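# Architecture and fold: a report
Okay, here's what each chain looks like letter by letter:
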Amino acid sequence: MTIGSQKPAKGRKSRKSKKVVVHEKSPLLPTKHEEDAGFDEFDGASFSGAVFNLSTTIVGAGIMALPATMKVLGLIPGIAAIIFMAFLTDASIELLIRFSRASKSVSYGGVMGDAFGKYGRMLLQICVLVNNIGVLVVYMIIIGDVLSGTTSSGTHHAGVLEGWFGVHWWNGRFFVLLITTLGIFAPLASLKRIDSLRFTSALSVALAVVFLVITVGITVFKLINGTVLMPRLLPDVHDLTSFFKLFTVVPILVTAYICHYNVHSIENELEDNTQIQAVVRTSLALCSSVYVMTSLFGFLLFGDATLDDVLSNFDSNLGIPYGSLLNDAVRISYAAHLMLVFPIVFYPLRLNLDGLLFPSARRLTSDNLRFALLSISLIALIFLGANFIPSIWDAFQFTGATAAVCIGFIFPAAITLRDRYGIATKRDKILCIFMIVLAVFSNAVAIYSDAYALFKKNASPSE
């Protein structure tokens, strides 16, 4: 994702046409940030590579929270909400792309700057920083929990490495995360083109499917044995508080689909960038299918015992043959999945920070020193956060989810309602008003509910 307000040459459709107009002596060459780098170095990203990269952006830690939304909404409304949110995400991205082309902007920051000026662009950059840093810290914490274990409420949950080899200094959280950072995160984060991550993205999607296949297999086995209870189909609404609780799932669903900050980066590297809408819809169809299946079978398997992070349910006896082996397979595949998602989310984070700090500098990929310093600083910050802020989940609910709602719905809706080019239809504006009302109301309810629960939890010991 680029951040500056650079504009592409007129009639830009494919990478081949870009080679004709983009030349070092051409007056159309941007004088500010040009993150759309490397056009003369490769022939353009393929459709499948773009789908895998966008799908990897979408499927992150959010997949593990979706079965818990079934516990709140019930099976039927929960699955309907997942599908509805996919359509709403597609609509918001379509609006974003439409206004990007109208303003000849090749970045989310560019179209925000075109609609709302410098401060609009900066607000977007800050939201991406808050969202992506929070997401990446959570990813690293989960990886540490899965491999090295975690202690919660005085109870220690052994990690995979602890279960295999016992407790040693080399499988402690700090050392495991250090090796993961130096051996996996740093090399992948050093790649300058997002298309270079297409193979790791494909593997990441495959690992998410592995998790799904294992979950489906366990559920089917227990269904055959008659040990699966009938799930709750509808929400349990008996008072105003329980009604408002239904809206607390909206930030989780929004976070599960957030990918807007990478759409322009992927479009800019496509061999034929007119395919971007097809890329978006294919990715959303793939991810929503995985989400529906994970939510359905995860909730069938654990019922009302489904935890906020369903991965925690795989830390117990499943009551099936080879249950311990399957538990380890689920946890390892998910940890490996997050390791490969990390660089995809890190890519726009680095570009946004660079755009915020150095808005008039030459493109980031042309300055190796600036590229290295930003990469090292961000990775170090995320590493420290994962080691010294183990209770990041509370902060993530307040900051990451709110920023994600802004990036996913509020900003695209605001750009459309601003309608500088008179291309928004009446239907578009009604849809945008609905997006903003839903986002603001649901987040206000979610934040209030979380704050109330936190206050009640802290006050209960003294009562």
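Residues numbered from 1 in each chain as written. Predicted model: local features only at pLDDT ≥ 70, side-chain atom pairs only at ≥ 80, totals over all residues. Heavy atoms only, no water.

## Remarks on the overall build of the protein
Within the protein, the secondary structure is distributed over 16 helices and two strands. Split into buried and exposed, the 463 residues of the protein put 55% on the buried side. Looking at the protein alone, contacts between residues at least 24 apart form 83% of all its contacts between residues at least 6 apart. For the protein, the accessible surface area stands at approximately 20,300 Å², while carbon and sulfur atoms represent 67% of it. (Helix = DSSP H or I, 4+ residues; strand = E, 2+ residues; numbered from the N terminus. Buried < 20%, exposed > 50% of the residue type's maximum accessible area, 1.4 Å probe, protein only. Contact = heavy atoms within 4.5 Å. Areas by Shrake-Rupley, 256 points an atom, 1.4 Å probe, with all protein chains shown as cover.)

## Points about the nonpolar core
Counting 129 residues, the largest nonpolar core has Tyr108, Tyr291 and Phe346 as its most contacted members. Per-element tally for this core: the top contributor is helix α5 (residues 108-148), with 19 residues. (Core = buried A, V, L, I, M, F, W, Y, C linked by side-chain atoms within 4.5 Å.)

## Looking at unusual backbone geometry
Comment: phi is negative for the bulk of residues other than glycine, and the bulk of peptide bonds are trans. Phi is positive for lysine 104, close to 55°, though the residue is something other than glycine. Within the element layout of this structure, lysine 104 appears in the loop between α4 (75-102) and α5. Of note in this structure, aspartate 419 is not a glycine but carries a positive phi near 45°. Summarising the element assignment, aspartate 419 is placed in the loop between α15 (392-418) and α16 (426-459). On the accessibility criterion, aspartate 419 (13% relative accessible area) is buried.

## Digging into the packing of aromatic side chains
Taken as a whole and judged by the stated rule, the model has five aromatic pairs. Between phenylalanine 185 and phenylalanine 342, the ring centres sit 3.9 Å apart and the planes meet at 15°, which makes this aromatic pair stacked. Here phenylalanine 342 lies in helix α13 (residues 323-357) and phenylalanine 185 lies in helix α7 (residues 173-189), a separation of 157 residues in the sequence. Neither residue differs from the other here; phenylalanine 185 and phenylalanine 342 are each classed as buried. Ring pairing ties together the aromatic residues Phe185, Phe342 and Phe346, which thus form one cluster. (Phe/Tyr/Trp six-rings, centres within 6.5 Å; stacked < 30°, edge-to-face > 60°.)

## Some remarks on helix α10 (residues 250-257)
The element α10 is extensively covered by neighbouring structure, given that seven of its eight residues are classed as buried. Regarding α10, the residues found buried are Val250, Pro251, Leu253, Val254, Thr255, Ala256 and Tyr257.

## A closer look at a nonpolar patch on the surface
On the surface, Val237, Leu240, Phe243, Phe244, Leu417, Ile433, Val437 and Phe441 cluster together to form a nonpolar patch covering roughly 680 Å² of accessible area. Elements with a contribution of two residues or more to the nonpolar patch: α9 (240-245) and α16. On the secondary structure map, phenylalanine 441 appears in helix α16. (Patch = residues over 30% accessible without salt bridge, like charges linked within 9 Å, V, L, I, M, F, W, Y side chains within 5 Å. Salt bridge = Lys/Arg side-chain N within 4 Å of Asp/Glu carboxyl O.)

## Thoughts on the packing of helix α8 (residues 198-224) against helix α12 (residues 276-302)
As a packed pair, α8 and α12 sit with axes 9 Å apart at the nearest point and diverge in direction by 30°. As for how α8 packs across α12, the hand of that crossing is left-handed. Residues Val205, Phe211, Leu212, Thr215, Val216, Ile218, Thr219 and Lys222 of α8 lie in contact with α12, whose contacting residues are Leu286, Val290, Met293, Thr294, Phe297, Gly298, Leu300 and Leu301. A class-by-class count of the residues in the contact of α8 with α12 yields eleven nonpolar, four polar and one charged. (Axes fitted to C-alpha atoms, helices over the stretch in contact; angles between N-to-C directions. Left-handed = near helix turned anticlockwise from the far one by under 90°. Nonpolar A, V, L, I, M, F, W, Y, C, P; charged D, E, K, R; others polar.)

## A short note on the state of the cysteines
If you walk through the whole model with that rule in mind, you get zero disulfides. This cysteine, cysteine 287, is not joined by any disulfide, and cysteine 259 carries the nearest cysteine sulfur, 8.0 Å off. Of the residues examined, cysteine 287 reaches a relative accessible area of 1% and is grouped as buried. (Disulfide = S-S within 2.5 Å.)

## Points about the environment of leucine 234
Mapped onto the secondary structure, leucine 234 falls in the loop between α8 and α9. Along the primary structure leucine 234 and proline 77 are separated by 157 residues, whereas in three dimensions their C-alpha atoms are 6.7 Å apart.

## Some words on α8
Taking 1.5 Å per residue, 27 residues should reach 39 Å; α8 reaches 39 Å between its end C-alpha atoms and fits that length. Count one or two residues on from α8 and you reach glycine 226, which has phi positive near 75°. (Expected span 1.5 Å × (residues − 1).)

## Topic: the pattern of salt bridges
For the coordinates displayed, the defined rule picks out eleven salt bridges. Across the pair aspartate 428 and arginine 98 runs a salt bridge whose closest N-O atoms are separated by 2.7 Å. With aspartate 428 in helix α16 and arginine 98 in helix α4, this pair connects stretches of sequence that are 330 residues apart. The class of aspartate 428 is buried, set by a relative accessible area of 3%.

## Regarding the confidence of the model for the protein
Looking at the protein, pLDDT values average 80 and 83% of them are 70 or higher. When mean pLDDT is compared element by element in the protein, α4 scores highest at 93, while helix α1 (residues 15-21) scores lowest at 44. Scored below 50 in pLDDT, residues 1-12 makes 52 contacts in the model with residues more than four places away or belonging to other chains. Taken as a whole, residues 15-40 scores under 50 in pLDDT and shows 52 contacts with residues more than four places along the chain or in a different chain. (pLDDT = per-residue confidence, 0-100.)

## Describing the side chain of threonine 89
By the secondary structure assignment, threonine 89 is in helix α4. A relative accessible area of 2% means that threonine 89 is categorised as buried.

## Considerations on the environment of leucine 182
Considering the arrangement of structural elements, one finds leucine 182 in helix α7. Distance from leucine 182 to isoleucine 379, taken between C-alpha atoms, is 9.6 Å for residues 197 residues apart in sequence.

## Examining the environment of alanine 45
Along the chain, alanine 45 falls in the loop between α1 and α2 (47-58). For the pair alanine 45 and aspartate 195, spaced 150 residues apart in sequence, the C-alpha to C-alpha distance is 6.0 Å.

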